[in-house]
Amino acid sequence: MQIAAASCSFQGGRKYNEDCVMLNNRDGICAAVVADGLGGHGGGQIASQIVAGHIASSFMLNPRIDTGHIRMLFEQANKKVVESQMPGQKMKSTGAALFIHNGAALWGHAGDTRLYHFRNGALACQTMDHSVSQMAVLSGEITQDQIRNHDDRNMVLKAFGSAERFSAEIAPICVLTHAFHAFLLCTDGFWEYVLENEMESELAKAASPDNWLQFMIRILERRAPKGNDNYSAAAVFVNI
């Protein structure tokens, strides 16, 4: 199994970059975490760093593809963000994480930071946002594509830093069959301007994860308005 990975994180048109990307890839073990801080005035940056740093480093110390183990790492990260909050600064963070070891992958997320899984160049699955606009999709009020322009798109229903009961969404273990697997983890500031069919078409031209990210960033930068949100992503290629 060969794993290649790359990441990016940009401030966009905002005063602070409150996103954080942690990417560890060595000896057939990979942990990629993309987090999008909420709270403004730089506080979200602290929350996203706590989430990404804790989850990625903890997995590399104990790389187990086990749903209970990953859920524990997410809950620990949530607790650390809560403990770092101060009066008047209830910083939080959304986040998505991917783990690969021993021919299997596992991922989880909270909020509207997404993970996309492509198998042999075609989109196989993607995470479902924990947001008001995603609920509008489920109720039939709007289509999935309309999330990008929905008035309540930025209202998330789940995030790290929740003092009440926190429960991230952990996907079932994915056995990486003999194929080319590509994963994209990205904040809403990234996927808002790059459509899923464009992710596929740019993947078909890419020779590496970094290549793929650069192609998509060109689309994003042509499309994003002045004052756009931070945008960050991690790309992972797995050849079995």
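## Remarks on the overall build of the chain
Secondary structure assignment for the chain yields six helices and 11 strands. The C-alpha radius of gyration of the chain comes to 17 Å, within 12% of the 18 Å expected for a compact globule of 240 residues. Dimensions of the chain along its principal axes, counting C-alpha atoms only, are 50 × 40 × 35 Å. Evaluated residue by residue, the chain yields a buried proportion of 54% over its 240 residues. When contacts within the chain are restricted to residue pairs at least 6 apart in sequence, long-range pairs at least 24 apart make up 71% of them. If you sum the accessible surface of the chain, you get close to 10,600 Å²; carbon and sulfur atoms cover 49% of it. Here the chain carries 20 positive and 24 negative side-chain charges, and the mean point of each set is 4 Å from the other.

## A word on the packing of helix H5 (residues 196-205) against helix H6 (residues 209-223)
Closest axis-to-axis distance for the H5/H6 pair is 8 Å, and the angle between their directions is 140°. In terms of orientation, H5 and H6 fall into the oblique class. Note that H5 runs across H6; the crossing there is right-handed. Each of Glu 198, Met 199, Glu 202, Leu 203 and Lys 205 in H5 lies in contact with H6, whose residues at this interface are Trp 212, Phe 215, Met 216, Ile 219 and Arg 223. For the contact of H5 with H6, the residue count by class is six nonpolar, no polar and four charged.

## Looking at the packing of aromatic side chains
In total, this model carries nine aromatic pairs according to the counting rule given. In textbook terms, an aromatic cluster arises when at least three aromatic residues are bridged by ring pairs, as seen for Tyr 116, Phe 118, Phe 180, Trp 212 and Phe 237. Stacked on the ring of Trp 191, the Lys or Arg Arg 114 has its end atom at 3.4 Å from the ring centre. Lying across the ring of Phe 215, Lys 205 places its NZ or CZ 5.6 Å from the centre.

Rules and cut-offs
- Residues numbered from 1 in each chain as written.
- Predicted model: local features only at pLDDT ≥ 70, side-chain atom pairs only at ≥ 80, totals over all residues.
- Heavy atoms only, no water.
- Helix = DSSP H or I, 4+ residues; strand = E, 2+ residues; numbered from the N terminus.
- Rg over C-alpha atoms; globule rule 2.2 N^0.38 Å.
- Buried < 20%, exposed > 50% of the residue type's maximum accessible area, 1.4 Å probe, protein only.
- Contact = heavy atoms within 4.5 Å.
- Areas by Shrake-Rupley, 256 points an atom, 1.4 Å probe, with all protein chains shown as cover.
- Lys, Arg positive; Asp, Glu negative; His and termini not counted.
- Charge placed at Lys NZ, Arg CZ, Asp CG, Glu CD.
- Axes fitted to C-alpha atoms, helices over the stretch in contact; angles between N-to-C directions.
- Parallel < 35°, antiparallel > 145°, perpendicular 65-115°, else oblique.
- Left-handed = near helix turned anticlockwise from the far one by under 90°.
- Nonpolar A, V, L, I, M, F, W, Y, C, P; charged D, E, K, R; others polar.
- Phe/Tyr/Trp six-rings, centres within 6.5 Å; stacked < 30°, edge-to-face > 60°.
- Lys NZ or Arg CZ within 6 Å of the ring centre and 35° of its normal.

Nothing here speaks to function; it is all geometry.
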